[in-house]
Amino acid sequence: MLLAEDVLLLATDDDTGKKQSRYTDLLVAGGLLSDLALAGNVRVTEPGESVRKNRVVSVPDAPWPTDPLLADALTVINEKPKWFASMLVERLSRKLVDVVYQRLARAELVSRTPHRVLGLVPTTRWVSVDGRHENELRTQLDEVFLFGVEPDPHTAALAALLAGSDLLVPVIGRGRSVDRRALKRRGKEMLKQYWPAQAMETAFQSRDGAAAG
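Owing to the predicted nature of the structure, the values given are computational and were not obtained by experimental measurement.

### A look at the overall build of the protein
Logical step 1: Secondary structure assignment for the protein yields ten helices and five strands.
Logical step 2: Its C-alpha atoms give the protein a radius of gyration of 17 Å, within 12% of the compact-globule value 17 Å for 213 residues.
Logical step 3: Oriented by its inertia axes, the alpha-carbon framework of the protein measures out at about 55 × 40 × 40 Å.
Logical step 4: Put simply, the protein has 213 residues, and 45% of those count as buried.

In structure tokens:
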């Protein structure tokens, strides 16, 4: 499963289908960018390169993604020679959430459920129908944050995304008594190691600033 899919599963209430993130589209886009980074298709520039540092560029000699969602995202990235990371997250977020929900539905993990906001406005929610994969993700996160297991790159990137979107404590806590400060501290450590998650966090902050202004 892609990080974009995993993070959306964790950010969706299993029973009601309600989204738990204030900017679900940015969260999923951060996951998609993380998928490309872990696959070696994109990177950030470093000091001394012809492109200014901390710009996102594609890696031309990397194998082209076989997954159509990743291939489409990389096509978007290749439209420009370089990107500000947070602006790229914003660009990738367009019309992304429903596409990923549909993938999860095809995998028989969620199902489309009609819903009306305030009993009037028709909308769609996606409710869990098979929680086994999500439970595996939660177990892996528990092992890392509650029992000190060293995470694999996928789990570490997932944790960084949750930390950057303020979802780490709700996902790990789940109504249990946990050390919130310790969770946040460990989450911030992981966030510092994954630039796509940092870019997503910056995109969150930009949206918050625009809403406040």
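### What about the sheet that holds strand 3 (residues 83-84)?
Logical step 1: The strand order across the open sheet built from three strands is 1-2-3, with neighbouring strands paired in antiparallel fashion. The sheet terminates laterally at strand 1 (42-44) and strand 3, the two strands that pair on one side only.
Logical step 2: As defined by bridge partners, strand 1 adjoins strand 2 (residues 55-58) across three bridges and the pair is classed as antiparallel. Looking across to strand 2, one finds that Val44 is bridged to Val56.

### What about a positive patch on the surface?
Logical step 1: Taken together, the side chains of Arg180, Lys184, Lys188 and Lys192 define a basic patch exposed on the protein surface.
Logical step 2: Residue position: Lys188 is located in helix 9 (residues 180-191).
Logical step 3: Using a relative accessible area of 55% as the deciding quantity, one classes Lys188 as exposed.

### Re helix 10 (residues 195-212)
Logical step 1: With 18 residues, helix 10 extends 25 Å from end C-alpha to end C-alpha; this agrees with the ideal 26 Å at 1.5 Å per step.
Logical step 2: All of the buried residues along helix 10 are Pro196, Ala197, Ala199, Met200, Ala203 and Phe204. Down the axis of helix 10, the buried set is contained in an arc of 160°. They therefore lie on one face.
Logical step 3: Turning to helix 10, the residues buried within the fold contact helix 2 (24-38), helix 4 (85-92), helix 7 (153-164) and helix 9.

### Concerning the pattern of salt bridges
Logical step 1: Throughout the structure, instances matching the rule amount to twelve salt bridges.
Logical step 2: In this structure, Glu49 and Arg43 form a salt bridge, with 2.9 Å as the shortest nitrogen-oxygen distance.
Logical step 3: When its relative accessible area of 34% is taken as the criterion, Arg43 is described as partly exposed.
Logical step 4: The shortest N-O distance in the salt bridge between Arg174 and Asp142 comes to 3.1 Å. Here Arg174, found in the loop between helix 8 (168-173) and helix 9, pairs with Asp142, found in helix 6 (residues 132-147); they are 32 residues apart in sequence, far enough to count as distant.
Logical step 5: Looking at Arg174, the relative accessible area reads 37%, which means it is partly exposed.
Logical step 6: A relative accessible area of 10% places Asp142 in the buried class.
Logical step 7: Among the ionic contacts, a cluster of salt bridges with common partners joins Glu5, Asp67 and Arg103.

### Things to note about a nonpolar patch on the surface
Logical step 1: Together, Leu146, Phe147 and Val149 make up an exposed nonpolar region whose accessible area comes to about 290 Å².
Logical step 2: Looking at the secondary structure, you find Val149 in the loop between helix 6 and helix 7.
Logical step 3: With a relative accessible area of 37%, Val149 lands in the partly exposed category.

### A word on the pairing of strand 2
Logical step 1: Summarising the sheet, strand 2 and strand 3 pair through two bridges and their orientation is antiparallel. Note on strand 3: the bridge partner recorded for Arg55 is Phe84.

### Observations regarding helix 2
Logical step 1: Taking 1.5 Å per residue, 15 residues should reach 21 Å; helix 2 reaches 21 Å between its end C-alpha atoms and fits that length.
Logical step 2: Of all 15 residues in helix 2, 13 are buried; the element is thus mostly enclosed.
Logical step 3: Looking one or two residues beyond helix 2, the residue adopting positive phi is Gly40, at roughly 85°.

### As for the environment of Leu36
Logical step 1: Mapped onto the secondary structure, Leu36 falls in helix 2.
Logical step 2: On the basis of relative accessibility, which here comes to 0%, the residue Leu36 falls in the buried class.
Logical step 3: In this structure the C-alpha to C-alpha distance between Leu36 and Leu3, which are 33 residues apart in sequence, comes to 9.7 Å.

Cut-offs used in this document
- Residues numbered from 1 in each chain as written.
- Predicted model: local features only at pLDDT ≥ 70, side-chain atom pairs only at ≥ 80, totals over all residues.
- Heavy atoms only, no water.
- Helix = DSSP H or I, 4+ residues; strand = E, 2+ residues; numbered from the N terminus.
- Rg over C-alpha atoms; globule rule 2.2 N^0.38 Å.
- Buried < 20%, exposed > 50% of the residue type's maximum accessible area, 1.4 Å probe, protein only.
- Pairing = 2+ DSSP bridges.
- Patch = residues over 30% accessible without salt bridge, like charges linked within 9 Å, V, L, I, M, F, W, Y side chains within 5 Å.
- Areas by Shrake-Rupley, 256 points an atom, 1.4 Å probe, with all protein chains shown as cover.
- Salt bridge = Lys/Arg side-chain N within 4 Å of Asp/Glu carboxyl O.
- Lys, Arg positive; Asp, Glu negative; His and termini not counted.
- Charge placed at Lys NZ, Arg CZ, Asp CG, Glu CD.
- Expected span 1.5 Å × (residues − 1).
- Arc of directions from axis to C-beta.
- Contact = heavy atoms within 4.5 Å.

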